[in-house]
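Here's the letter readout for the chains.
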Amino acid sequence: MGDVLAGFHAAWEFESDSVLIRYERGIRTPKLFQALGERRVPLEAIEGVTLTPGRRGTVVLRAELRPGADPLLEAAAGQLKESGDPYRLVLPAERETLAEYYADELRAQLTESGPAERHLVAAPEAPLQFKAYDGKASFDGTAVSFRWFWTGASSAKWKAGDQRFPMSELSGVEWRSPEVFEGHLRLLRRDAAGPAGQADQDPAAVVFGLGYGPVHESLPFAAAVLAAVRNCAPVPAVSTARARRDPADIADRIRHLGELHQAGLVTDEEFSSKKAELLAEL
């Protein structure tokens, strides 16, 4: 067991080859943290560490993960609110010196940077399920199933019937946060003939609504599916994604990213970095 640094909602345990983050359970702890329980982050998955002033007499220690190292962050695609970032540890300001010590110790052990060729942080484990507005989504580790609700599903989805998608048929996952406009989870199929339509008409997608598909349920689900898809892929995840990017999808994602930026959910630096990544995929 390594040294432990405890903050609000979580404690970080520093080990020789990883950081084990254990999240508290309680009414004030973000539900996503409670759903995750804990995250073991190998040092090779981390490319930087920051320590910055927080709000109301706090400091924030944050681990910056390499792009592609964590299926949860990859699925989130920059849509998590700052308070929902699982790799931020908020501490009282009087512990700043101690936090700086651990930040320096951690930085000294980091040797990797840049995009990771594979997921280095484990995805949430199946089976997983959640209720969307128009159906129930289930994942057993080998396939995703959608069972439509008559109260919410469109006629197009009723006509298509309940759906089952083996991992071998999928190329990725598209998650749009239920905390912003038009949230949904869409499965990206390898045999898709063209750009996907509206999520409420697409049998490969479920849509979110008030109380349906909350972040702490739908995001771990998306991350688990994404990790399973990557494990089935015959080529590295980055190469597969770039080969299948559609210009209309890139434009839509940049538009959505701009909305998050205007709403203050994405910083200037995060906006510029993610926009550059998306443009590079054209």
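Residues numbered from 1 in each chain as written. Predicted model: local features only at pLDDT ≥ 70, side-chain atom pairs only at ≥ 80, totals over all residues. Heavy atoms only, no water.

Visitor: Run through the sheet that holds strand β13 (residues 184-189), naming residues and quoting values.
Guide: Read from one edge to the other, the open sheet built from three strands follows the order β12-β13-β14, with strand pairing classed as antiparallel. A single partner strand is all that each edge strand has here, and the edge strands are β12 (170-176) and β14 (205-207). Here the strands of the sheet are splayed against their neighbours by 10 degrees on average, with no regard to which way each runs. As defined by bridge partners, β12 adjoins β13 across six bridges and the pair is classed as antiparallel. Bridge pairing links V173 to L187 in β13. (Pairing = 2+ DSSP bridges. Helix = DSSP H or I, 4+ residues; strand = E, 2+ residues; numbered from the N terminus. Axes fitted to C-alpha atoms, helices over the stretch in contact; angles between N-to-C directions.)

Visitor: Explain the confidence of the model for the protein residue by residue, including any values.
Guide: For residues with low pLDDT, the predicted coordinates do not support detailed interpretation. On average, residues of the protein score 89 in pLDDT, and 88% of them reach the 70 mark or higher. Per-element confidence in the protein ranges from a low mean pLDDT of 37 for helix α6 (residues 237-243) to a high of 98 for helix α2 (residues 71-76). Segment residues 234-244 is flagged for pLDDT under 50; beyond a separation of four residues in sequence, or across chains, it makes eleven contacts in the model. (pLDDT = per-residue confidence, 0-100. Contact = heavy atoms within 4.5 Å.)

Visitor: Break down the pattern of salt bridges for me, with residues and values.
Guide: Counted under the stated rule, the structure contains 14 salt bridges. Of the charged contacts, one joins D85 and R62 as a salt bridge, the two residues approaching to 2.8 Å between their closest N and O atoms. Residue D85 is found in the loop between α2 and β7 (88-92), and its partner R62 is found in strand β6 (residues 58-65); the two are separated by 23 residues along the sequence. Its relative accessible area of 10% is what places D85 among the buried residues. Looking at R62, the relative accessible area reads 26%, which means it is partly exposed. In this structure, E174 and R176 form a salt bridge, with 3.6 Å as the shortest nitrogen-oxygen distance. A relative accessible area of 10% means that E174 is categorised as buried. (Salt bridge = Lys/Arg side-chain N within 4 Å of Asp/Glu carboxyl O. Buried < 20%, exposed > 50% of the residue type's maximum accessible area, 1.4 Å probe, protein only.)

Visitor: Describe the sheet that holds strand β8 (residues 128-131), naming the residues involved and giving the relevant values.
Guide: Pairing is antiparallel in the open sheet, where four strands are placed in the order β8-β9-β10-β11. Every interior strand has two partners, whereas the edge strands, β8 and β11 (163-166), have only one. Adjacent strand axes in the sheet meet at a mean angle of 10 degrees, parallel and antiparallel pairs treated alike. Direction of pairing for β8 relative to strand β9 (residues 135-139): antiparallel, over a ladder of four bridges. When the bridges of β9 are listed, Q129 appears paired with S138.

Visitor: Describe the environment of R62, listing the residues and the values that go with them.
Guide: Put simply, R62 and V49 are 13 residues apart on the chain and 5.7 Å apart in space, counted from C-alpha to C-alpha. If sequence neighbours within four positions are ignored, R62 has contacts with W12, G48, V49, T50, D85, Y87 and R88.

Visitor: Provide a residue-level description of the packing of aromatic side chains, including the pertinent values.
Guide: One pass over the structure, following the stated rule, counts ten aromatic pairs. Taken together, the aromatic side chains of W12, F14, Y101 and Y102 make up a single cluster linked through ring pairs. (Phe/Tyr/Trp six-rings, centres within 6.5 Å; stacked < 30°, edge-to-face > 60°.)

Visitor: Describe helix α5 (residues 215-232), listing the residues and the values that go with them.
Guide: Taking 1.5 Å per residue, 18 residues should reach 26 Å; α5 reaches 25 Å between its end C-alpha atoms and fits that length. Counting buried residues along α5, 14 of its 18 residues qualify, which places the element largely inside the surrounding structure. (Expected span 1.5 Å × (residues − 1).)

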